[in-house]
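Summary of the model geometry
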Amino acid sequence: LVGFQPHSGQDDYQGPKGRPSPHKYGGDYEAQRHWMEITYHLPISEWYWHSLEYWGLDYPPLTAYVSWVCGFVAHNVGSLHDKMMLENDSDDADTNITHTDTSDYDNVCQTDDDVECILDDDAEYIQSTSEKEQQIDEQRGGLKAIKDLVALHSSRFGYEDALGKMYMRFTVLLLDLLVYMSAVIAIAKRLIDTKSSFQKESSSSNSIVTTSDWFLLTALTQPALLLTDHGHFQYNTTSLGLALWSFYFMTQTSFVGCVIGSVLFSLALNFKQMELYHAPAVFAYLLGRCFCNENYTKQQQSSGMNFFGKFCALGVSVILTFAVLWLPFAIYPRASLSTKFHLDGISQVLKRLFPFQRGLFEDKVANIWFSLSVKPLSIRSRISPDLLPLAALLLTLVMILPACFMLYRVGQRNTHYSPKKNLEFLLWGSVSISLAFFLASFQVHEKGILISLAPLSLLALDANGFVIWFSTVATWSLWPLLVIDRLCEAYVCCLVIFLCINAMTRPTQLSGEVIFLRSNLATVAAVLSLAAMLCLHLAEWRLVPPSHLPDLFPVLWSLLGCGLFCISYLATIWAMSMKYNTTSTKLNTHSRQRSWRKFFFLSYFGIVATLGEAFSPSTHQTMHRGVSCCSCLSAGKESDYFIPNSDHLERARVLLPWEEQSKKDSQPVLNLNLSAKNSDRLPLADGLDDDAVAACDETNTTPCSWEDGKVWRETEQALVAFGILVKHDSDNKSKELTREVIIDKVPQLLRLPTDQIVESASFFVGNSTEELPNLVLLQ
């Protein structure tokens, strides 16, 4: 339905105050149509050189290739229709010749225009030659319009045929279905499996719409995406769909998925350069995956070689993808160049992709640099234009560092790797980093907010309220652009439909929405921001800006939008830190030691060659246990490590009530299949790292890792972070929960995995804003 609305620059309309340019026609619609025209009719060496003043091609090579395909289809479909019409014309000509041979020449008449005409036996007037040609042109007006859509030169400056528009709209819808919607469906299946409890709750209710339906509707009916791609006219969902597919594969367990994901993300970059907003997130996560050991065999390769192999695999995949797409511009140089291979074509593509001469920002965009350029700040007059790109680069780097660091650590994690949780975290990281680029980078357009919106729309299970609010703000920030495109009615309808869909199909309870607490402060802030946006709409509708401030409302739009997007950026950083510190598996001391060894291996390759044996699992475990024991003896303080006594160990082996029940229901939480030689020992619960399991099963004389307090040390740190447990060296401990009290009451904490404790504490304590009694916390 949005596609039936006007597109950008239709009838050369440039807004209420805009004036048509004598050198250009229309807007982004005409640009995309023009690229189909030149890519099909001109050699590849001229694509980025031809007629640059009239919507010159300034998108990466994959966009050019897709434009060529669309132009090829349009031209050949119209040509097939021409062939059919020519066959019909030939049949008509044969009939006329036969009739002329048998006709009475007394019926030949002369018209006033001296064009000979023939009357048949019934004295009916046969059309003149000029009229016949006109009729043929009218008959060809169907599919021939698609061919004329991409006709070289003649289609410029206002080809507005209805069938041509339908074809252009169809190309966007087809790519949307094949790339973006398929990626959303694939990611939805994985994320909803992660939240199985929500799906069960929704399916057990009387609602016709399931959680899956609600999730897909929320992601696929984003008003900003629909209005930009299907109204304004662009192919943003194609690059965004490729990026989402790359996220899906990167977070798979096998590293082969990372290689496939790197190829897909390279394709996204080569379709639209704004995908650079996601590039730091991808790089940080994949770098962490390079340092992550998925296999825990005793015959494992050294850590350094493992890293180099993965890093080279990613590098080769990226280089080959770029080479396939970019080499044609070097292999086929312009006719003016004598050599067969020249880099001038590639340099021209780069100049077109990154036009630094356009300035710090484009038009009135809701980011930091535009806000600082408004009087009286006027930052562009206070800082040299040569320094502004550097300032933008530094500010962007500072803003992306927190998210990049957390993404690297999550990718580096090597304890029971979870693709579903990592996909959620990568989506959060891509939202945060792309928002940082939108707010602080150089040469930003208002449509750049879509780069953040697409991944955020897939996080409705984690933060539904924030997703709906941000979707509304992102659509609202595009209002000045939509006014120029005459999409005001579509803007209102899309927003209302989106909000109604979410209100009517949203599950009654989303227990997963613990990241953004339903506090009064968050509710008040959301209501105030929505009220401010509505007030600006009413003010623009009823008030006339002063003559000396003609752009008053667009400027206010950008200033308020910048403030709301800054709040959104901080919210994403906070959400990532909460997930990183609570639901994410923390790297233990053993993992951190191994990571530092990897670093020194890369720095001092020759030294590590003599210490390769130290990296084998058995040697490393022995060294780690020895270091732990020495640390306990040399610390001189009981507060460093907690060593459980025999009474604690004996009581810890007693099953808890829920464990007994699980055993009876034949759904064991613990692995109760004990071997005969280890029948006196309770096995480890699910979730403990593989190194600990290996250490427990090697020999009868070696105690399980939980028996020496290793598991408890991680659990203790988590409970202290939640405020449940008081640090051992804290003062005034008489009325607080200390390690002695809690271990004495619940010795099973010595063996239960830290992940289970963290998830329970996050659910129980994370939803409470008041201080709970110790007895309740203990329970």
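Now for a description of the structure that goes with this document. Counting starts from 1 at the beginning of each chain's written sequence and moves along it residue by residue. Note on the predicted model: pLDDT of at least 70 is required for a residue's local features to be given, and 80 or more for side-chain atom pairs to be given and counted; whole-chain, interface and lining totals, by contrast, use all residues. Here the side-chain values reflect all heavy atoms present in the structure, with hydrogen atoms and water set aside.

Put simply, a nonpolar core is a bunch of buried Ala, Val, Leu, Ile, Met, Phe, Trp, Tyr and Cys residues held in one set by side-chain atoms that sit within 4.5 Å of each other. Burial classes: relative accessible area under 20% of the type maximum marks a residue as buried, over 50% as exposed, and values in between as partly exposed (1.4 Å probe, protein chains only). In this structure, Trp47, Leu244, Leu427 and Phe470 are the most contacted members of the largest nonpolar core, which totals 149 residues. Note on contacts: a residue pair is in contact if any heavy atoms of the two residues lie within 4.5 Å. With residues near it in sequence (within four places) discarded, Phe470 still touches Leu435, Ile449, Ser452, Leu453, Leu456, Phe565 and Ser568. In this structure, Ala652, Leu719, Ile742 and Ile743 belong to the second largest nonpolar core, which totals 18 residues.

For the rest of this paragraph, the subject is unusual backbone geometry. Between Lys375 and the following residue, Pro376, the backbone shows a cis peptide bond with an omega angle of 10 degrees. Among the structural elements, Pro376 can be located in the loop between helix 15 (368–373) and helix 16 (379–382). The backbone of Asp12 shows a phi angle near 60 degrees, a positive value even though the residue is not glycine. Overall, Asp12 belongs to the buried group, its relative accessible area being 15%. Backbone geometry at Ser378 places phi at a positive 45 degrees, although glycine is not the residue there. Starting at the N terminus, helices and strands are each numbered in turn, a helix being any DSSP run of H or I of at least four residues and a strand any DSSP run of E of at least two. When you line up the elements, Ser378 lands in the loop between helix 15 and helix 16.

What counts as a salt bridge is simple: a side-chain nitrogen of Lys or Arg found within 4 Å of a carboxyl oxygen of Asp or Glu. Counted according to the given criterion, the structure contains eight salt bridges. Between Lys165 and Glu160 there is a salt bridge, and its shortest N-O distance comes to 3.5 Å. Between Lys579 and Asp462 there is a salt bridge, with the nearest N and O atoms lying 3.3 Å from each other. Residue Lys579 is located in helix 24 (residues 552–583), and its partner Asp462 is located in the loop between helix 19 (450–456) and helix 20 (464–477); the two are separated by 117 residues in the primary sequence.

Relative to the elements of secondary structure, Leu57 occurs in the loop between helix 1 (28–41) and helix 2 (61–101). A residue is classified by how much of its surface remains accessible, and Leu57, at 0% relative accessible area, is buried. Discounting residues that sit within four places of it in the chain, Leu57 has contacts with Trp35, Ile38, Trp47, Tyr48, Ala64 and Arg352.

A few words now on the state of the cysteines. Here, the word disulfide means a covalent bond between the sulfur atoms of two cysteines. Put simply, a disulfide is two cysteine sulfurs that come within 2.5 Å. Within this structure, the stated rule accounts for zero disulfides. Cys292 forms no disulfide, and the closest cysteine sulfur to it belongs to Cys258, at a distance of 8.9 Å.

Right, let's talk about the packing of aromatic side chains for a bit. By convention, a stacked pair of Phe, Tyr or Trp rings (six-membered ring in the case of Trp) has centres within 6.5 Å and planes under 30 degrees apart, an edge-to-face pair has planes over 60 apart, and any other such pair is tilted. This model, assessed by the stated rule, comprises 27 aromatic pairs. Ring centres 5.7 Å apart and planes at 85 degrees place the aromatic pair Trp245 and Tyr248 in the edge-to-face group. Taken together, the residues span about one helical turn, with Trp245 and Tyr248 both in helix 9 (residues 236–250) at a distance of three residues. The exposure class of Tyr248 is buried, given its relative accessible area of 19%. In textbook terms, an aromatic cluster arises when at least three aromatic residues are bridged by ring pairs, as seen for Trp428, Phe438, Phe466, Trp469, Phe470 and Phe565. The ring of Trp55 has Lys24 sitting right over it, with the charged end atom 4.4 Å from the ring centre. For a ring to carry a charge above it, either NZ of a lysine or CZ of an arginine must fall within 6 Å of the ring centroid while also lying within 35 degrees of the normal to the ring plane. Just above the ring of Trp541 sits the side chain of Arg542; from NZ or CZ to the centre is 5.2 Å.

All right, on to the side chain of Ser430 then. Secondary-structure assignment places Ser430 in helix 18 (residues 419–440). At 2.7 Å, the side chain of Ser430 and the backbone oxygen of Leu427 are in polar contact. Excluding its chain neighbours within four sequence positions, the residues that come into contact with Ser430 are Phe247, His278, Ala281 and Pro455. Polar contact is the term for a pair of N or O atoms within 3.5 Å; when the atoms are in protein, one must be able to donate a hydrogen and the other to accept it, and sequence-neighboring residues count only if both atoms are side-chain atoms.

Shape descriptors only; they carry no functional weight alone.
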